[in-house]
Amino acid sequence: MGLVTALAGCDDGRNPAAGTRGAGSPATPPRQVQTTRVVEKRVEQAVIALGSLIAFEQATLSAKVSGRVREIKVDIGSRVRRGDILAAIEPVDYELKVQQAAAALAQTRAALGLPLSGESDQIEPENITAVKEARAVLDEASANHERARSLLKEKLISDSQFDTARSAYLVALNRHQDALETARQKQALAAQRRAELAIARQQLADTTLTAPFDGGVQARQTSVGEYLVVGAPILTLVRLDPLRLRVEVSERDAPRCASGKRCDSGSRARPGRSRTACSA
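I will try to describe carefully the structure that is included in this document.

Let us now look at the pairing of strand S2 (residues 67–72). As judged from the two bridges shared by S2 and strand S7 (residues 227–228), these two strands associate in the antiparallel manner. Bridge pairing links Gly-67 to Leu-228 in S7. When S2 meets strand S4 (residues 85–89), the two strands line up antiparallel, connected through three bridges. Bridge pairing in S4 places Val-69 opposite Ile-89.

The omega torsion of the bond from Asp-241 to Pro-242 falls at 5°, within 30 degrees of zero and hence cis. The residue Pro-242 is located in strand S8 (residues 233–247) in this model. Of note in this structure, Lys-155 is not a glycine but carries a positive phi near 60°. Note on placement: Lys-155 falls in the loop between helix H3 (129–153) and helix H4 (159–205).

Any aromatic ring pair is given by two values, namely how distant the centres are and how the planes are angled relative to each other. For the structure shown, the criterion picks out zero aromatic pairs. Sitting above the plane of the Phe-56 ring, Arg-244 keeps its charged end 4.5 Å from the centroid.

What follows is about a nonpolar patch on the surface. A cluster of nonpolar residues, Leu-53, Leu-240, Leu-243, Leu-245, Val-247 and Val-249, forms a patch on the protein surface that exposes about 430 Å² of accessible area. With four residues, S8 is the largest single contributor of residues to the nonpolar patch.

Right, let's talk about the sheet that holds S7 for a bit. As a general point, the strands of a sheet are linked pairwise by backbone hydrogen bonds and lie either parallel or antiparallel. Taken in spatial order, the four strands make up an open sheet running S5-S4-S2-S7, and their pairing is antiparallel. Of all the strands in the sheet, just strand S5 (208–210) and S7 have a single pairing partner and so form its edges.

Once that is clear, we can look at the packing of H3 against H4. Between H3 and H4, the least distance of the axes is 8 Å, while the angle of their chain directions is 160°. Classified by the angle their axes make, H3 and H4 are roughly antiparallel. Note on packing geometry: the crossing formed by H3 with H4 is left-handed. Looking at the contact of H3 with H4 residue by residue, the class counts come to 17 nonpolar, four polar and five charged.

By size, the foremost hydrophobic cluster in this structure holds 21 residues, and its most contacted members are Val-80, Leu-86 and Ile-234. Taken together, the elements giving at least two residues each to this core come down to strand S1 (47–62), S2, S4 and S8. Once residues within four sequence positions are removed from consideration, Ile-234 is found in contact with Leu-61, Ser-62, Ala-63, Ala-87, Leu-209, Arg-220, Gln-221, Thr-222 and Leu-228. If you look at the next biggest cluster of nonpolar residues, it comprises 10 residues, including Ile-123, Ile-128, Val-131 and Leu-180.

Summarising the element assignment, Arg-70 is placed in strand S2. Considered as a pair, Arg-70 and Ser-223 are 153 residues apart in the sequence and their alpha carbons are 9.0 Å apart.

So, on to the packing of helix H2 (residues 92–111) against H4. Helix packing geometry: the angle between the two helix axes and the distance between the axes. Following both chains from N to C, one finds H2 and H4 inclined at 165°, their axes separated by 8 Å at the closest point. When the interaxial angle is binned, H2 and H4 end up roughly antiparallel. Crossing of H2 over H4 shows left-handed handedness. Along its contact with H2, which presents Tyr-94, Glu-95, Lys-97, Val-98, Ala-101, Ala-102, Ala-104, Leu-105, Thr-108, Arg-109 and Ala-111, the element H4 presents Lys-186, Leu-189, Ala-190, Arg-193, Arg-194, Glu-196, Leu-197, Ala-200, Arg-201, Gln-203 and Leu-204. A class-by-class count of the residues in the contact of H2 with H4 yields 12 nonpolar, two polar and eight charged.

Here the focus is H2. Since the α-helix packs 3.6 residues into each turn, any two residues three or four apart lie on the same face. With 20 residues, H2 ought to run about 28 Å at 1.5 Å a step, and its terminal C-alpha atoms sit 29 Å apart, in line with that. Those residues of H2 that are buried lie in contact with H4. One or two positions beyond H2, positive phi appears at Gly-113, with a value near 80°.

So, how was this worked out
- Residues numbered from 1 in each chain as written.
- Predicted model: local features only at pLDDT ≥ 70, side-chain atom pairs only at ≥ 80, totals over all residues.
- Heavy atoms only, no water.
- Pairing = 2+ DSSP bridges.
- Helix = DSSP H or I, 4+ residues; strand = E, 2+ residues; numbered from the N terminus.
- Phe/Tyr/Trp six-rings, centres within 6.5 Å; stacked < 30°, edge-to-face > 60°.
- Lys NZ or Arg CZ within 6 Å of the ring centre and 35° of its normal.
- Patch = residues over 30% accessible without salt bridge, like charges linked within 9 Å, V, L, I, M, F, W, Y side chains within 5 Å.
- Areas by Shrake-Rupley, 256 points an atom, 1.4 Å probe, with all protein chains shown as cover.
- Salt bridge = Lys/Arg side-chain N within 4 Å of Asp/Glu carboxyl O.
- Axes fitted to C-alpha atoms, helices over the stretch in contact; angles between N-to-C directions.
- Parallel < 35°, antiparallel > 145°, perpendicular 65-115°, else oblique.
- Left-handed = near helix turned anticlockwise from the far one by under 90°.
- Nonpolar A, V, L, I, M, F, W, Y, C, P; charged D, E, K, R; others polar.
- Core = buried A, V, L, I, M, F, W, Y, C linked by side-chain atoms within 4.5 Å.
- Buried < 20%, exposed > 50% of the residue type's maximum accessible area, 1.4 Å probe, protein only.
- Contact = heavy atoms within 4.5 Å.
- Expected span 1.5 Å × (residues − 1).

Right under this line is the structure:
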């Protein structure tokens, strides 16, 4: 009974389970809390790198054929469109080469019995005049050979006469084969002449230099009247719309820069330099 009385006397009124509080102890107000729904959001991770703005495309246009420069229609800073004529090399020598190749092809076609001009050089070898003549001689020799064979069986001609007819047949046969081979060689020569004509025409076309894309002339490496060899530079053409950005990213940040990431250029970029931030 004494223990119970001591415990009750130690109560200071802060026990929430107690039925009564001590005198002068204020009540603790309840705290207000707010709750919200958990949602998933993307967290931006920026990688800042320095880079350079360069031309999207750049090409040094060179001479494909040798010759003297006849004209240059553009200068440094000129804006050009794809297909525009930029420069030209004197074409007279290449025009003569085209005429020479065309004449050689016409000569070969005439030997095949074809018209001097045409797009196809195909012809049956048996329809060529030389082959027709050899074939006629062969048919006659073959007929004489068969006739002599029949007469020999009937003992109406001697063996020497039969040998003469047989030899004439073999000679005619070899001449016919030779005529066929000659006709095939002429057909192959016609194909070669046509290829030479195509090359001459291409070289004539290469005397004119055209723009491969839209852009501007960055440099001019030659002048009118200068003799150029194959591969000599004439003009440097660049494409500035759009521009190409080239940046260097550290190895640590490289995994965070991948295809499809957004890149924003900084506003305090110097000429030729760009401050770029790439984020997910």
